[in-house]
Amino acid sequence: MSRHRNVRSMNYSDEYDGYDDVYGHSVEDDSCISPSDAAFMYDRSNRQTQISAFITEEDDIEEVDEDIEPEVERRHSDSFRYPQLSDVDEARLRSCLDEIHSVIGDSIPENIVVETVIGNNFDLAQSLDALLKSNQNKKEEPKPQRDRSRRTRPVEKEDNAAAPPPVATTDTTPTISVVAPSKPVSVVKGFQINKTDDTGESGLKPSDGTPRSQSPCEKTPGTSPEVQRKIKSNIDTDNKTPSRKNNPAEEWKKFRGDSKEQLHMVTIGHVDAGKSTLMGHLLYRLGRVNQKLMHKYEQESKKVGKQSFMYAWILDETGEERTRGITMDVGQSQLETDSKVVTLLDAPGHKDFIPNMITGAAQADVALLVVDATRGEFETGFESGGQTREHALLVRSLGVSQLAVAINKLDTVDWNENRFLEIASKLNVFLKQAGFRDKDVTFVPCSGLTGENLASKPTEPALCQWYTGPCLLDVIDKFKVPERPVAKPLRISVNDVYKGTGSGFCVAGRVETGMVQAGDKLLVLPQNETCTAKAISIEEVNTGVAFAGDSVSLTIANYDQQNMAVGYVLCDPSSPVPVTSKFEARIVLFNITVPVTKGFSVVLHQQSLAEPAVITKLVAQLHKSSGEVIKRRPRCLTKNSSALVVLETSRPVCVELYRDVKELGRFMLRVGGATIAAGLITKIL
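These figures come from a predicted structure and were not determined experimentally.

Trainee: When you look at the packing of helix H4 (residues 87–104) against helix H6 (residues 124–134) in this model, what are you seeing that I'm missing?
Mentor: The description of two helices packed together rests on the angle between their axes and the distance between the axes. The interhelical angle for the contact between H4 and H6, taken along N-to-C directions, is 40°, at an axis separation of 11 Å. By the angle class used here, H4 and H6 are oblique. Here the hand of the crossing between H4 and H6 comes out right-handed. Across from Cys96, Glu99, Ile100, Val103 and Ile104 in H4, the residues of H6 making contact are Leu124, Ser127, Leu128, Leu131 and Leu132.

Below is the structure:
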């Protein structure tokens, strides 16, 4: 029926009356077009003249990428391939290339720069001098430049360089300074071009075509090396990037000479020995926790039936720790004595959290061993497979030589002197075997819950009858601060990575050696990428510099947070930390049940790093005290023996020889939740 409709005379309003949704629907299915209307419709198949006939063929125009500048194309040319180098040499080469390109730009081909750096054994100063001398009389053609907006900047005069006075110009032209090849150079900010010089010729020379070639660092005839160094230091100041100080010891005296000594102390011991309660009560007695907060903790702990944990909640801040009543992560706080600022590291005592305890102990200078004096509790923690022995062995293996033993909960035995002497005698024998000297171990009776003998002399009559020694705070104050290796190359071990409040992200770690300043460029290993230390904070206080021994928080810029992980090391690009997956080490085995053989799988703990490893070779068995070789290539190693072995990790790790950097030269070996050995790195393979 619809085929015979008169479409031209059709009333469309009647056809779609009552049908609202007309828009977007085709009506061709219901009504076709009449032949007279079809004559005016365009049909590609019926047209004899195609549109392509009107398009004339021309030569193809080669596409040009306008975004890439010629010098960038030359620098990253595919025709040049970098030589095969080791990881350390590759990092040194990249560091030298970055410095050289910042001075001379891209005026010299990349292959010549690389060959010069390798030829000078990666010496930046010698390589830079050789490149500048070779490029001294070389003239380049002007390079095409994009239009740059003209900027007028004031001219800064060089103090020591005898620079000629600037040439006067007319008022209608921008400020101009001439860089004459035969005269000493004057330092200017920005890149300004003279319209005319004193000879009436244009000041733009063929070699002045790029801003790089106009850089004041470009070596010209008549410029002495002293002036070059002065110019380089001025550029560092203008860019507001702190340069590496020549004498870190002087910087240490400048920033830390008048302040109190910094000391890091880790609290160790068996689970439920009262470590958190002891430290929390000590902080409360010293006024580090206000009365209002303490009252809040007291009321909340009463509600959950754990009133005796009120002081422990000062350091156990997470809900899971408070619910379970045990420390799981390393709590951190700070207290002050008469001569020291002490950072407290409250380590967990449960055997499931030994890796966290190792992380805390690796940051410590001294240790406080807390034992429970209650009948049966001390024996459980010390003799029946408790953590007292393991914790003491771990801190000694990690380099802690000074130890204070707090015999806690002595009020439960009515301050019995015989009980105190019994515990002290048992521990003294064991600690001497572990490597502690008698003069470095101090025993203190105390009570964490009542606060007796913590921050002041004891007042309990039963204790005053037989104890006249110092209180716990005095013992902490008498600890000796170890020497800080500030003169060694920078090493920062990463313990935590988190998102900060501002831009960038933050890493928390300990400065093992050297010093770091805000604005320094750092090398992240084993990733082998550079980043910038945007800001430095110690104990949530912003500071411009940090030294060896400080636990710092760095705000990192110019780096992807996903590529940063716990266990990485931040170091100085000029002296990177060695990265390897195979090294030789001297280990001391503990009381193990299964002998160690070739191919034995272990977990390597170094600082906060935990990495699977395999003992691939038993080199020799050594005498435990003298270190002499007893037997070469032993078939197995038994308990309490010392040996030289080769370890291979599943991934490359950052290590140092023990004789160079003790902090990164120590490690622990654990298997199945138990520590089986401690070791020192002797050779990197």
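Trainee: Got a minute to help me understand the pattern of salt bridges in this structure?
Mentor: One pass over the full model with this rule turns up 17 salt bridges. Between Asp372 and Lys409 there is a salt bridge, with its nearest N and O atoms 3.4 Å apart. Taken together, the positions of Asp372 in strand E4 (residues 366–372) and Lys409 in the loop between strand E5 (403–408) and helix H15 (417–434) put the pair 37 residues apart, joining distant regions of the chain. The class for Asp372 is buried, based on a relative accessible area of 6%.

Trainee: When you look at the sheet that holds strand E2 (residues 331–336) in this model, what are you seeing that I'm missing?
Mentor: What links the strands of a sheet is backbone hydrogen bonding, and the strands pair in either a parallel or an antiparallel sense. Overall, mixed pairing links the 6 strands, which are arranged E2-E3-E1-E4-E5-E6 in an open sheet. With partners counted over all chains shown, the strands left at the sheet margins are E2 and strand E6 (441–445), one partner each. Pairs of neighbouring strands in the sheet enclose a mean axial angle of 25°, with direction left out of account. Inspection of the sheet shows strand E1 (residues 261–269) paired to E4 by 5 bridges, in the parallel sense. Its bridge partner being in E4, Thr267 is matched across the sheet by Leu368. Lying over the sheet, helix H14 (residues 387–397) contacts E1 and E4, oriented at roughly 150° with respect to E1.

Trainee: Looking at this structure, how should I read empty space enclosed by the protein?
Mentor: By rolling a water-sized probe across the atoms, one finds the places where empty space is left. On inspection of all chains with the given rule, the structure shows 4 cavities of 30 Å³ or more. Put simply, the largest cavity is a space of about 70 Å³. Contributing to the lining of the largest cavity are His270, Val271, Asp272, Ala273, Val371, Asp372, Glu377, Phe378, Gly381, Phe382 and Thr388. Among the elements of the structure, E4 and helix H13 (377–382) are those that each provide at least two residues to the lining of the largest cavity. The leading source of residues in the lining of the largest cavity is H13, at 4 residues. Here the residues of the lining of the largest cavity are counted per class, giving 5 nonpolar, 3 polar and 3 charged.

Trainee: Sorry, what's going on with the side chain of Asp520 here?
Mentor: Note on placement: Asp520 falls in the loop between strand E9 (515–517) and strand E10 (521–525). A relative accessible area of 5% places Asp520 in the buried class. Among the polar contacts made by the side chain of Asp520, one reaches the main-chain amide nitrogen of Gln517 at a distance of 3.0 Å.

Trainee: Help me understand helix H5 (residues 110–119) in this model?
Mentor: Inspection of H5 places Glu110, Val113, Val114, Thr116 and Val117 among the buried residues, and these make up the whole buried set. Angularly, the buried residues of H5 cover 165° about the axis, an arc narrow enough to put them on a single face. Those residues of H5 that are exposed and angled more than 90 degrees off the buried face are Glu115 and Gly119. The first or second residue beyond H5 is Asn121, which carries a positive phi of 60°.

Trainee: How should I be thinking about H15 in this particular structure?
Mentor: Note that an α-helix has 3.6 residues per turn; residues three or four places apart therefore point the same way. Its 18 residues place the ends of H15 26 Å apart at the C-alpha level, agreeing with the 26 Å of an ideal helix rising 1.5 Å per residue. If you check which residues of H15 are buried, you get Arg419, Phe420, Ile423, Ala424, Leu427, Phe430, Leu431 and Ala434. The buried residues of H15 occupy one face: seen down the axis, they fall within an arc of 140°. Along H15, the residues that are exposed and aim more than 90 degrees away from the buried face are Asn418, Val429 and Gln433. On its buried side, H15 packs onto E4, H13, H14, E5 and E6. One or two positions beyond H15, positive phi appears at Gly435, with a value near 115°.

Trainee: Looking at this structure, I do not really get the side chain of His270. What am I missing?
Mentor: Mapped onto the fold, His270 is located in the loop between E1 and helix H9 (275–285). From its side chain, His270 meets the backbone nitrogen of Gln387 in a polar contact 3.1 Å long. In contact with His270, not counting residues within four places along its chain, are Lys275, Gly349, Val370, Thr380, Gly381, Gly386, Gln387 and Thr388.

Trainee: Can you help me understand the nonpolar core in this one?
Mentor: In globular proteins that are soluble, nonpolar side chains generally tend to be buried together. Judged by nonpolar contacts, the single largest core of 74 residues is most densely connected at Met265, Leu278, Met279, Leu368, Val405 and Ile407. The dominant element in this core, judged by the number of residues it contributes, is H15, at 7 residues. In contact with Leu278, not counting residues within four places along its chain, are Leu368, Val370, Ala406, Asn408, Cys446, Ser447, Gly448, Leu454 and Leu472. Leu637, Ala643, Leu647 and Ile676 belong to the second largest nonpolar core, which has 25 residues in total.

Trainee: Is there a simple way to explain the environment of Gly567 in this structure?
Mentor: Within the element layout of this structure, Gly567 appears in the loop between strand E14 (551–557) and strand E15 (569–571). Put simply, Gly567 and Val653 are 86 residues apart on the chain and 8.3 Å apart in space, counted from C-alpha to C-alpha. Not counting residues up to four positions away in its chain, the partners in contact with Gly567 are Val494, Ser608 and Leu609.

Trainee: Could you clarify how one ought to interpret the confidence of the model for the protein in this entry?
Mentor: It should be kept in mind that the predicted coordinates are not to be read in detail where pLDDT is low. When the pLDDT values of the protein are averaged, the result is 75; 71% of them are 70 or greater. Scored below 50 in pLDDT, residues 64–78 shows 14 contacts in the model against residues more than four places distant or in partner chains. This model gives residues 148–228 a pLDDT under 50, and the stretch forms 106 contacts once residues within four places in sequence are excluded.

Trainee: Where do I start with the environment of Leu97 in this structure?
Mentor: Locating Leu97 in the fold gives a position in helix H4. Sequence separation between Leu97 and Ser127 is 30 residues, and the spatial gap between their C-alpha atoms is 9.9 Å.

Parameters and conventions
Residues numbered from 1 in each chain as written. Predicted model: local features only at pLDDT ≥ 70, side-chain atom pairs only at ≥ 80, totals over all residues. Heavy atoms only, no water. Axes fitted to C-alpha atoms, helices over the stretch in contact; angles between N-to-C directions. Helix = DSSP H or I, 4+ residues; strand = E, 2+ residues; numbered from the N terminus. Parallel < 35°, antiparallel > 145°, perpendicular 65-115°, else oblique. Left-handed = near helix turned anticlockwise from the far one by under 90°. Contact = heavy atoms within 4.5 Å. Salt bridge = Lys/Arg side-chain N within 4 Å of Asp/Glu carboxyl O. Buried < 20%, exposed > 50% of the residue type's maximum accessible area, 1.4 Å probe, protein only. Pairing = 2+ DSSP bridges. 1 Å grid on protein atoms, 1.4 Å probe; cavity = no way out; pocket = protein on both sides within 12 Å on 5 of 7 lines; lining within 4 Å. Points joined across faces, edges and corners; volume = space filled by probe spheres on them. Nonpolar A, V, L, I, M, F, W, Y, C, P; charged D, E, K, R; others polar. Polar contact = N/O pair within 3.5 Å; in protein donor to acceptor, adjacent residues only side chain to side chain. Arc of directions from axis to C-beta. Expected span 1.5 Å × (residues − 1). Core = buried A, V, L, I, M, F, W, Y, C linked by side-chain atoms within 4.5 Å. pLDDT = per-residue confidence, 0-100.

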